[in-house]
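A closer look at the structure
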Amino acid sequence: MRYFFYLLFSIITFFASQRNLYAVEFPIQDKWLIYESKVNGFVPYIPEEHPFVKNFYLLLDVKNLNGLGVEFIIPENAAVFVNNQLQDISKKDNGLVYFSNSKLKEQQKVTGELLFVVNTVDGSAPQSFFVDKEVPYDKLNSNSIMNKSTYKEKFRYHSDFREMLLMWSLIVFAFVGLAAKVGGLKTGANSLIRSFEGVTMGRGDTTKMNTLQLIMFIFSFTLVGSLALMLFGNGEIWLSQVTSAELNKDVSAFAINIFYVMVAILGFVAFRLIIIYFLGNIFSNTNIPSIHGAEFYKLTWVYVLFYMIICVFWTLNPFYISWEFMRLFIGIGFLIKSFLVYIAVSKQVNFRNNYLFSYFCATEFLPSLLAVKVFIS
């Protein structure tokens, strides 16, 4: 047990030290407005048509931030106002001004909108980004989105992505309940608590699953995994918050994305199960794959039910919960589940520790690390 806590502490320390690698930044240059006296109103800012402008305006709705903040790169002596309140004045060229999502929510108007005004002296246009946390200038400046020769602003489609995710979360909730009923998967509190007997007492029910139970279990895991990836996955392939509107223009595009994610998860689960039984037979110990398979099923089923509730609650919860925290919480929880399976199996088989640990590196630890790496980075 002592080694488990050492490993857990190392994982948490690793994620904390690597936190700065998980920043999300996305330009919002196309939203700048300027006041045009000829039309007595505001018009989109176009550099070619407006070579010298002192005041730049940006109107954002808090609900469209998707948990992200806003960061500006402004010239020297430029001032930033939020809802006509002075916030900061740049003391140097390319000064950074960052507003977290929580701070923006505190400053929103009754209508839920935010009006940013950047007053410049030399007419240099500010740069603006959606970010999940404060990003250093060097990183923003080295990003390909800052290269004007290659950068092309993406067209923003109208999307009901949030509503579609809510509907998908409810569908997943209903389908998992149906799969548990059809396959006889246990969902009672006492049954779920007994799933940890292998970890705490070294004694577990090693009854093998029948084919129907296995199918329903994999089906439920795939559904909940797809929901978690759609909600908290990073990068364009996993439908990040900042590109969700473009990747999910309509229901058919959303359904196709879900299908791709589910196929990927299904392949991952199948690979895990094949490795478990294949390597267990190589070690000439038939107890290892059977006990491992049983403990993997029981603890993963608890994990599936718990995170299904977390994901559904997150889509229905009207209060803000950090998107980055949820991603790390789910990822670290997935690794902890692998260590719990290792402890449960090690207490029930008579096998040398170094061989057993090598077996689990191939069947649990490395696949889990790979899955969390894909999920987070």
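Read on for an overview of the structure.

How each quantity is defined
- Residues numbered from 1 in each chain as written.
- Predicted model: local features only at pLDDT ≥ 70, side-chain atom pairs only at ≥ 80, totals over all residues.
- Heavy atoms only, no water.
- Helix = DSSP H or I, 4+ residues; strand = E, 2+ residues; numbered from the N terminus.
- Buried < 20%, exposed > 50% of the residue type's maximum accessible area, 1.4 Å probe, protein only.
- Contact = heavy atoms within 4.5 Å.
- Areas by Shrake-Rupley, 256 points an atom, 1.4 Å probe, with all protein chains shown as cover.
- Expected span 1.5 Å × (residues − 1).
- Salt bridge = Lys/Arg side-chain N within 4 Å of Asp/Glu carboxyl O.
- Pairing = 2+ DSSP bridges.
- Core = buried A, V, L, I, M, F, W, Y, C linked by side-chain atoms within 4.5 Å.

1. Some remarks on the overall build of the protein chain
- Scanning the protein chain for helices and strands turns up twelve helices and ten strands.
- Among the 377 residues that make up the protein chain, the fraction classed as buried is 47%.
- Nonlocal contacts in the protein chain, meaning residues at least 24 apart in sequence, comprise 76% of its contacts between residues at least 6 apart.
- Working note: accessible area of the protein chain is about 19,900 Å², and carbon and sulfur atoms make up 62% of it.

2. Remarks on helix H11 (residues 323–346)
- With 24 residues, H11 extends 35 Å between its outermost C-alpha atoms, agreeing within 8% with the 34 Å of an ideal straight helix rising 1.5 Å per residue.
- A large share of H11 lies buried, amounting to 20 of its 24 residues.

3. Looking at the pattern of salt bridges
- If you walk through the whole model with that rule in mind, you get two salt bridges.
- Ionic pairing is found between Lys-298 and Glu-295, a salt bridge with its closest N-O pair at 3.3 Å. Here Glu-295 and Lys-298 lie together in helix H10 (residues 287–316), a separation of three residues that amounts to about one turn. Just as Lys-298 is buried, Glu-295 falls in that class too.

4. A closer look at the pairing of strand E2 (residues 33–36)
- Burial of the side chains of E2 is restricted to one face: Ile-34 and Glu-36 are buried, whereas none of Leu-33 and Tyr-35 on the reverse face is.
- In the sheet, E2 pairs with strand E3 (residues 41–44) via four bridges, with the strands oriented antiparallel. Note that in E3 the partner of Ile-34 across the bridge is Val-43.

5. Concerning the nonpolar core
- If you look at the biggest cluster of nonpolar residues, it comprises 71 residues, and the most contacted ones within it are Phe-232 and Trp-301.
- Taken together, the elements giving at least two residues each to this core come down to helix H4 (161–183), helix H7 (211–232), helix H9 (251–282), H10, H11 and helix H12 (353–376).
- Ranked by residue count, the leading element in this core is H10, at 16 residues.
- Those residues in contact with Trp-301 that lie beyond four places of it in its chain are Val-176, Ala-180, Leu-185, Lys-186, Thr-187, Leu-192, Phe-217 and Ser-220.
- Trp-32, Leu-58, Leu-68 and Phe-72 belong to the second-largest nonpolar core, a separate cluster that totals 25 residues.

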